[in-house]
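The chain contents come next:
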Amino acid sequence: MSAQPATNAAEVSAGGSAPGAPTPDGLKAGLKNRHLSMIAIGGVIGAGLFVGSGAGIAKAGPGILISYALVGLMVVLVMRMLGEMAAANPTSGSFSAYADRALGRWAGFSIGWLYWFFWVVVLAVEATAGAEILEGWMPKVPQWGWALIVMVVLTAANLASVSSYGEFEFWFAGIKVVAIAAFIVVGGLAVFGLLPGSDNEGAGLAHLTDHGGFLPHGPGAILTGVLLVVFSFMGSEIVTLAAGESADPRRAVSKATNSVIWRVAVFYLGSILVVVTLLPWDDPRIADKSKGSYVAALDSIGIPHAADVMNVIVLTAVLSCLNSGLYTASRMAFSLGRRGDAPAAFAKTTSRGVPQAAILGSVVFGFVAVWFNYQWPDTVFQFLLNSSGAVALFVWLVICFTQLRMRGIILRESPDKLVVRMWLFPYLTWATIAMISFVLVYMLTDKDGREQVLLSTAVAVVVVALSLIRDRLPGARGTAAAAQGADGGSKESVIP
């Protein structure tokens with residue numbers, strides 16, 4: 001393989017920028033502190049938490065709390081590693097740019113395109129989910145029409161400016177945060193019989209053990225629960241991509257990294273604890289996929305129109321994920337373009353600091369995926385889902401291996417920028433690698449998980465092979481160097 005070209009220093013925003021001012025890579029620092037704070041808080045809350053947690057509870061019983069805690073610990077450790085690198089070098093490419101520097105161009109290219117692929121498939125999933133809810137409210141508009149409407153509206157917001165994305169996400173995330181906080185408070189009062197007029201029996205913590213014990217299906221169910229909940233945590237890393245378009249990226253990354261522990265503890269563990277203490281884990285309402293475990297919990301309290309209330313919240317979560325997915329995919333495409341690993345047009349920005357071609361390229365694939373979902377939901381679209389299913393775990397693995405190398409690079413070239421440090425380095429990094437690898441191996445014992453791992457691995461192998469072949473082509477090095485030199489950038493290392 002040819003020598004790895006140095007990554008453009010302009011790709012990395014070394015410090016801060018005045019609000020609304022251009023960043024070194026052509027984007028604009030249009031995200032305010034309140035935007036970044038809410039993106040960090042709400043990014044970890046997906047629609048899967050509201051509607052998908054019931055399946056995990058049914059499989060693992062109250063022990064699902066351990067499953068969430070284990071995955072939450074894994075996410076906290078990965079975010080700490082990513083925070084260490086992102087605080088030192090805030091960039092729109094985040095872990096892909098760091099992998100490019102630490103592991104080689106093949107790594108940055110491969111994980112960048114896999115991550116982009118993951119999010120454009122998510123666009124189709126979330127657009128369809130949102131359309132289903134909206135069609136239920138206003139059936140005169142067909143489902144495909146609603147999918148088109150939400151995609152067009154959020155695409156327009158992202159094309160307008162990064163601050164438009166931030167404003168949409170601020171309110172979407174705010175609704176999710178308020179909803180879960182209210183759920184925990186109201187549900188917690190009902191658990192102990194302190195909520196006036198509640199229909200719930202107020203059994204306290206008895207439901208954690210009174211239906212077959214805390215682990216009714218045995219300890220092995222904890223691992224089954226891990227497989228069911230691990231993908232609901234994807235999105236925590238978005239704030240490290242967005243930080244590059246804020247006025248004070250290092251502060252934003254440090255704050256987000258330090259707060260991830262309580263975010264996971266409160267929003268995931270806290271809300272799931274309320275569900276399994278309000279209702280016995282084997283209550284058939286929890287496993288009702290048409291409503292979800294949160295609706296079942298609200299019904300048990302006697303909250304009127306609980307399903308309608310939760311549908312509004314789920315729609316908000318869906319639109320939030322769609323909005324962030326479009327933003328994330330476009331910024332990864334932009335970063336790949338800056339490094340010569342994507343069409344050069346993806347690296348260009350408008351006068352508003354928006355990577356228009358990268359956004360449109362990402363949304364076009366999203367529209368195609370939506371069409372696949374309507375035309376061939378059980379074949380082509382299912383293949384897309386399965387072939388991107390394990391990408392989240394691949395991304396986390398790459399972050400771990402990248403951090404092992406980047407710590408030394410940062411210490412050697414700019415130790416003053418090591419403002420966030422991974423705990424017990426390198427031992428916890430290796431422990432996290434072992435945890436993620438174990439989950440991937442354990443997925444092979446599960447029918448659905450096996451298909452996801454094998455197809456995702458096959459796609460990853462193809463992307464890596466393309467990267468290696470491309471790197472050997474005559475002129476590939478020069479093309480990358482030219483891309484890195486675009487817009488006045490120099491061919492310096494990631495660490496300025």
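Residues numbered from 1 in each chain as written. Predicted model: local features only at pLDDT ≥ 70, side-chain atom pairs only at ≥ 80, totals over all residues. Heavy atoms only, no water.

Draft legend 1. Molecular detail of the overall build of the chain. Counting its regular elements, the chain contains 19 helices and zero strands. In the chain, which comprises 496 residues, the proportion classed as buried is 58%. For the chain, long-range pairs separated by at least 24 residues make up 80% of all intrachain contacts whose partners lie at least 6 apart in sequence. (Helix = DSSP H or I, 4+ residues; strand = E, 2+ residues; numbered from the N terminus. Buried < 20%, exposed > 50% of the residue type's maximum accessible area, 1.4 Å probe, protein only. Contact = heavy atoms within 4.5 Å.)

Draft legend 2. Quick look at the pattern of salt bridges. Enumeration according to the criterion identifies nine salt bridges in this entry. A salt bridge links Arg331 to Glu245; the shortest N-O distance between them is 2.8 Å. Of this pair, Arg331 sits in helix α13 (residues 306-338) while Glu245 sits in the loop between α10 (238-242) and α11 (249-278), and the two are 86 residues apart along the sequence. Overall, Arg331 belongs to the buried group, its relative accessible area being 0%. Judged by relative accessible area, Glu245 falls into the buried class, the value being 0%. The salt bridge partner of Glu413 is Arg412, with a shortest N-O separation of 3.9 Å. Taking relative accessible area as the criterion, Glu413 reaches 32% and is therefore assigned partly exposed. (Salt bridge = Lys/Arg side-chain N within 4 Å of Asp/Glu carboxyl O.)

Draft legend 3. Examining the packing of α13 against helix α14 (residues 356-375) more closely. One way to put it is that α13 packs onto α14 with a least axis distance of 8 Å and a crossing angle of 125°. The orientation of α13 with respect to α14, classified from their angle, is oblique. Here α13 runs over α14; the crossing is right-handed. Each of Leu326, Ala329, Ser330, Arg331, Ala333 and Phe334 in α13 lies in contact with α14, whose residues at this interface are Ala358, Ile359, Ser362 and Val363. (Axes fitted to C-alpha atoms, helices over the stretch in contact; angles between N-to-C directions. Parallel < 35°, antiparallel > 145°, perpendicular 65-115°, else oblique. Left-handed = near helix turned anticlockwise from the far one by under 90°.)

Draft legend 4. Spatial organisation of the nonpolar core. Among the nonpolar cores identified, the biggest contains 156 residues, and Phe50, Phe95, Trp119, Trp396, Ile399, Ile436 and Leu440 are the most heavily contacted of them. Considering every element that reaches this core, the biggest residue donor is helix α6 (residues 105-137), with 19 residues. Those residues in contact with Trp396 that lie beyond four places of it in its chain are Met74, Val75, Val78, Val230, Phe233, Met234, Glu237 and Ile436. (Core = buried A, V, L, I, M, F, W, Y, C linked by side-chain atoms within 4.5 Å.)

Draft legend 5. Representation of helix α3 (residues 53-60) within the structure. Along α3, the residues that are buried comprise Ser53, Gly54, Gly56, Ile57 and Ala60. The arc enclosing the buried residues of α3, seen along the axis, measures out at 160°, which places them on a common side. Those residues of α3 that are buried lie in contact with α2 (47-51), α4 (64-88), α9 (220-229), α11 and α12 (293-301). Backbone geometry just downstream of α3 places Gly61 in the positive-phi region, at approximately 70°. (Arc of directions from axis to C-beta.)

Draft legend 6. Quick look at the packing of α11 against α12. Axis separation between α11 and α12 bottoms out at 9 Å; the angle between their running directions is 50°. Taken together, the axes of α11 and α12 are oblique relative to one another. Note that α11 runs across α12; the crossing there is left-handed. Residues Phe267, Ser271, Ile272, Val275 and Leu278 of α11 pack against Ser293, Tyr294, Ala297, Ser300 and Ile301 of α12. Looking at the contact of α11 with α12, its residues break down into seven nonpolar, three polar and no charged. (Nonpolar A, V, L, I, M, F, W, Y, C, P; charged D, E, K, R; others polar.)

Draft legend 7. Local environment of the layout of surface pockets. By volume, the second largest pocket amounts to about 230 Å³. In terms of lining, the second largest pocket is formed by 14 residues, of which the most central are Trp106, Ile111, Val398, Ala460 and Val464. For the lining of the second largest pocket, the elements supplying multiple residues, two or more each, are α6, α16 (391-413) and α18 (447-472). Take the lining of the second largest pocket: its biggest share by element is five residues, from α6. The class makeup of the residues in the lining of the second largest pocket is twelve nonpolar, two polar and no charged. (1 Å grid on protein atoms, 1.4 Å probe; cavity = no way out; pocket = protein on both sides within 12 Å on 5 of 7 lines; lining within 4 Å. Points joined across faces, edges and corners; volume = space filled by probe spheres on them.)

Draft legend 8. Molecular detail of the confidence of the model for the chain. In the predicted model, the chain carries a mean pLDDT of 84, and 90% of its residues have values of at least 70. Within the chain, helix α19 (residues 476-484) has the poorest average pLDDT of any element, 49, and helix α17 (residues 427-443) the best, 95. (pLDDT = per-residue confidence, 0-100.)

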